[in-house]
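# What the coordinates show
Each chain, written out:
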Amino acid sequence: MTHPRKHPMRILKYLPQRHPLGAGSGHRERDNFLCFSPYGIFALCSLCLCGKFLSFLRSPFRKRIAVVLTAALFVPPLARAADVPPAAVQTAREYLRAALGDDARLGVVLLGLRSTRDKELLPLYTALLRSSDRRTRLTTTAMIGELDDEALIEPLRERLKSDPAMAVRSEALVHLLRRDALTAAQLRDALNIDDDGVRMLAARALVQRNKADAAVKTLQSLLDSRDPQILAQARMSLFGLGVDTPKHRDELKKILLDPKTTDELLLLLLGQIRREKIKTAAEVAQYLTRPDYSRQVRVQAYMALADVAPDASKRLADAVAAENESDLFRINLIRILAEQPDMKYYLDDLVQRSDIAGAVARFEQARPAGGQAAAKTLQTLLIDMGHPVLLEYALNRMRGDVEKDKALAEFYVEPMLATLRQADLSEDRMSAQHDRMAMAVEWLANLGSPAAMAGLKKILDGPDGALRKVTAGALYRSTNPAVCDMVLPLLSSPYADYRIYAALTLARHSRAEAVPALLDIQAHADTHRPDVLTLSSWYLLKFAGQAAPAADALAKTVR
């Protein structure tokens, strides 16, 4: 078996992604660009939370893991809460306290704790949000903002209202807006905060709530901002509100035509057109579909057209039919077209094509009804054509379909299992293909049908190799507790990495069989990375019934 150093699964890499905005007064908005990843349409497994703090997610377990656990650890078939020794509880407390006080480990610890989705951590989160250290507050605000717990709303409002660091206020505002957790009156109050980024976010939120009268004065004042992104956003919002003077148009045109205007700014403006439904900017979006702009900009421009132009479907279909476009670009456009209410009329023409675009169109035509017809078209994409871009496309579709209707999504099972079985994965180095296979495993497990679970179990019961490692590691992220029975046999594996994956997966679903392996991780702490130690420490506290007191005690140590 390959040493974990050479073949990491990076358990935390498979945690839910943070979606919209990054910290900072300017807030570089991001959308789910269909071709943003260098590997294809969707960046399936990348995380964008505070980049510096997440670099550990992309690196392997660098320290040696003990190869063999003592046989005594696996004697009891079921460990109970009482089986966690007091000394282990104390060690877990001490590890978390030291790690939370270590800047180098703080981001890792918070991500690990966040992955548990445990409400008993709320006192600790609240204390960290009030830390005297700006970086700690910013890291905490960014990382817990995705947790959908009502108890976090008030602490985030407190950060917005009074934090001395504007980056923290901006980050808190982003998450509160995502939750729709601010009233119009609270947004008006945010207009008075002395930071252009915060004021812009609040003003745009009011515009989107049809409270533009309260935002116009602020937007006009932001035309004096020294931040080119904020200035451009203010102009775009005012344009959407009917400010269509020659000077205003000239300034917008200048932004679009200036060779110094970055793709980042153009993407920001196109996302704004979509969110604020600025129909008057349809021709701006159309202009940005020109071939001399980057693929990211062009795809986002078509996404904006799909939201604001009444004839968007025709424009998309015409672009797909253009002879000088790449297959990747066409696939992006078909994906957008497939979301349009009148998509069937245009797909009927595209399915006649004999290229990749035609195959994707046939899949989209069959997908809504599911069944064998959809499975057959998916088989063509994944097995017959086998392009990584098509796999990422199908994985994205599978994710949405599984969340929407598991019964209808059953047609994904056999083609995805076949893709897993024929995957050529390196034993020595992680790659984008490992990420794709991990996503396939996760969504098959979440689908949870007998066929899906049987297929995954067969992989785990099969010979050792890269695919088995990917499967074992990716199951940690699954929300389906039925994965526990599949990973349970891995606790007796002679290889440490499998025992780690199994222990953390079982612990996440409150299965006490994980306790012996968690104790072994703690006993060999010098061989494990902080992400594994964080999770094992917290889960030991949970099994000992000491999580809530520990969280309270840890909260009191925050300064």
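All figures in this text were calculated on a predicted structure; none of them were measured in a lab.

## Details of the overall build of the chain
- Across its full length, the chain holds 29 helices and zero strands.
- By sequence separation, contacts in the chain at least 24 residues apart represent 69% of the contacts at least 6 residues apart.
- Of the roughly 23,200 Å² that the chain leaves accessible, carbon and sulfur atoms contribute 52%.

## Section: the packing of helix H23 (residues 450-461) against helix H24 (residues 466-474)
- Interaxial distance between H23 and H24 falls to 8 Å at its minimum, and their mutual angle equals 125 degrees. By the criterion of interaxial angle, the relationship of H23 to H24 is oblique. Relative to H24, H23 is oriented so that their crossing is left-handed. Mapping the contact onto sequence places Leu456, Ile459 and Leu460 in H23 and Leu467, Arg468, Thr471 and Ala472 in H24.
- Looking at the contact of H23 with H24, its residues break down into five nonpolar, one polar and one charged.

## A closer look at the packing of aromatic side chains
- If you walk through the whole model with that rule in mind, you get six aromatic pairs.
- Aromatic pair Tyr287 and Tyr293: ring centres 6.1 Å apart, planes at 70 degrees, arrangement edge-to-face.
- On the basis of relative accessible area, Tyr287 is assigned to the partly exposed category, the value being 29%.
- In this structure Tyr293 comes out as buried when scored by relative accessible area, which is 15%.
- An angle of 85 degrees between the planes, with centres 4.9 Å apart, marks the rings of Tyr345 and Tyr346 as edge-to-face.
- A residue is classified by how much of its surface remains accessible, and Tyr346, at 17% relative accessible area, is buried.
- Every member of this aromatic cluster is reached through a ring pair, and the members are Phe363, Phe411 and Tyr412.
- The lysine or arginine in question, Arg298, covers the ring of Phe329, its NZ or CZ lying 4.2 Å from the ring centre.

## A short note on the pattern of salt bridges
- Taken as a whole and assessed by the stated rule, the structure comprises 34 salt bridges.
- Between Asp163 and Arg137 there is a salt bridge; the shortest N-O distance is 2.7 Å. With Asp163 in the loop between helix H5 (153-162) and helix H6 (166-178) and Arg137 in helix H4 (residues 134-144), this pair connects stretches of sequence that are 26 residues apart.
- The salt bridge involving Asp311 is made with Arg315; its shortest N-O contact spans 3.0 Å.

## Re the confidence of the model for the chain
- When pLDDT is averaged along the chain, the result is 84; 85% of the residues meet or exceed 70.
- Every residue in residues 1-82 scores below 50 in pLDDT, and together they form 255 contacts with partners more than four places removed in sequence or on other chains.

## A word on the nonpolar core
- Met416, Leu420 and Leu518 are the most contacted members of the largest nonpolar core, which has 156 residues in total.
- Within the second largest apolar cluster, 29 residues are counted, among which are Leu173, Ala190, Leu201 and Ala202.

## Section: unusual backbone geometry
- One non-glycine residue, Asn210, lies in the positive phi region at around 60 degrees.
- On the secondary structure map, Asn210 appears in the loop between helix H8 (196-208) and helix H9 (212-221).
- Accessibility expressed as a relative area gives 71% for Asn210, which makes it exposed.
- A positive phi angle, close to 50 degrees, is found at Lys277, a residue other than glycine.
- In this fold, Lys277 is placed in the loop between helix H12 (263-275) and helix H13 (282-287).
- The exposure class assigned to Lys277 is partly exposed, which follows from its relative accessible area of 46%.

## Let's talk about helix H27 (residues 515-523)
- Here H27 lies mainly inside the structure; eight of its nine residues are buried.
- When H27 is considered as a whole, its buried residues turn out to be Val515, Pro516, Ala517, Leu518, Leu519, Asp520, Ile521 and Gln522.

## With respect to the environment of Met416
- Tracing the backbone through its elements, the reader meets Met416 in helix H21 (residues 413-421).
- Note on Met416: relative accessible area 0%, which makes it buried.
- The spacing of Met416 and Leu395 is 21 residues in sequence and 8.8 Å in space, taken between C-alpha atoms.
- Excluding residues within four positions of it along the chain, Met416 makes contact with Leu382, Leu391, Ala394, Leu395, Met398, Ala440 and Leu444.

## Quick look at H23
- Compared with an ideal rise of 1.5 Å per residue, which puts twelve residues at 16 Å, H23 spans 16 Å between its outermost C-alpha atoms and is within 8% of the ideal.
- Those residues of H23 that fall on the buried side of the exposure criterion are Ala452, Met453, Gly455, Leu456, Ile459 and Leu460. For H23, the angular spread of buried residues about the axis comes to 160 degrees, placing them on one side. Across H23 from its buried face, at more than 90 degrees, point the exposed residues Pro450 and Lys458.
- Contacts made by the buried residues of H23 are with H21, helix H22 (432-447), H24 and helix H25 (483-487).

Reading guide: rules and limits
- Residues numbered from 1 in each chain as written.
- Predicted model: local features only at pLDDT ≥ 70, side-chain atom pairs only at ≥ 80, totals over all residues.
- Heavy atoms only, no water.
- Helix = DSSP H or I, 4+ residues; strand = E, 2+ residues; numbered from the N terminus.
- Contact = heavy atoms within 4.5 Å.
- Areas by Shrake-Rupley, 256 points an atom, 1.4 Å probe, with all protein chains shown as cover.
- Axes fitted to C-alpha atoms, helices over the stretch in contact; angles between N-to-C directions.
- Parallel < 35°, antiparallel > 145°, perpendicular 65-115°, else oblique.
- Left-handed = near helix turned anticlockwise from the far one by under 90°.
- Nonpolar A, V, L, I, M, F, W, Y, C, P; charged D, E, K, R; others polar.
- Phe/Tyr/Trp six-rings, centres within 6.5 Å; stacked < 30°, edge-to-face > 60°.
- Buried < 20%, exposed > 50% of the residue type's maximum accessible area, 1.4 Å probe, protein only.
- Lys NZ or Arg CZ within 6 Å of the ring centre and 35° of its normal.
- Salt bridge = Lys/Arg side-chain N within 4 Å of Asp/Glu carboxyl O.
- pLDDT = per-residue confidence, 0-100.
- Core = buried A, V, L, I, M, F, W, Y, C linked by side-chain atoms within 4.5 Å.
- Expected span 1.5 Å × (residues − 1).
- Arc of directions from axis to C-beta.

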